[in-house]
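Here's the letter readout for the chains.
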Amino acid sequence: MGSSMSGTEAADESRRGEPERRLFTGGERPFDPEDLVMASGRDVTPERLERAKREIEEKGAAALERYLP
């Protein structure tokens with residue numbers, strides 16, 4: 001009796017439950033205005049970077065945490 005899963009499917013199955021290694025919560029490293037804009041799902045523009053910078057100065061880590069699950 002062999003498995004009906006391909007090698008790729010088996011590898012995907014074995015990784016279930018593992019966190020995505022490219023995602024950061026802010027606790028692992030400092031974050032910058034660009035991180036905040038990207039977490040909001042918007043394109044990075046000079047205006048959004050400036051607004052994000054002000055928000056980080058006012059709210060600290062809470063500015064980013066509101067976008068995280």
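Conventions used here
- Residues numbered from 1 in each chain as written.
- Predicted model: local features only at pLDDT ≥ 70, side-chain atom pairs only at ≥ 80, totals over all residues.
- Heavy atoms only, no water.
- Helix = DSSP H or I, 4+ residues; strand = E, 2+ residues; numbered from the N terminus.
- Expected span 1.5 Å × (residues − 1).
- pLDDT = per-residue confidence, 0-100.
- Buried < 20%, exposed > 50% of the residue type's maximum accessible area, 1.4 Å probe, protein only.
- Contact = heavy atoms within 4.5 Å.

1. Considering helix 3 (residues 46-59)
Here is step 1 of the chain: The end-to-end C-alpha distance of helix 3 is 20 Å, a good match for the 20 Å that 14 residues give at a rise of 1.5 Å each.
Here is step 2 of the chain: Where helix 3 ends, the next residue or the one after it, G60, has phi of about 65°, a positive value.

2. Thoughts on the confidence of the model for the chain
Here is step 1 of the chain: This prediction gives the chain a mean pLDDT of 77; 59% of its residues lie at or above 70.
Here is step 2 of the chain: Within the chain, the element-level pLDDT minimum falls on helix 1 (residues 7-15), averaging 55, and the maximum on helix 3, averaging 96.

3. Some details on the side chain of D35
Here is step 1 of the chain: Tracing the backbone through its elements, the reader meets D35 in helix 2 (residues 33-39).
Here is step 2 of the chain: Residue classification places D35 among the buried residues on the basis of a relative accessible area of 16%.
Here is step 3 of the chain: When sequence neighbours within four positions are dropped, the list of residues in contact with D35 reads R29, P30 and L64.

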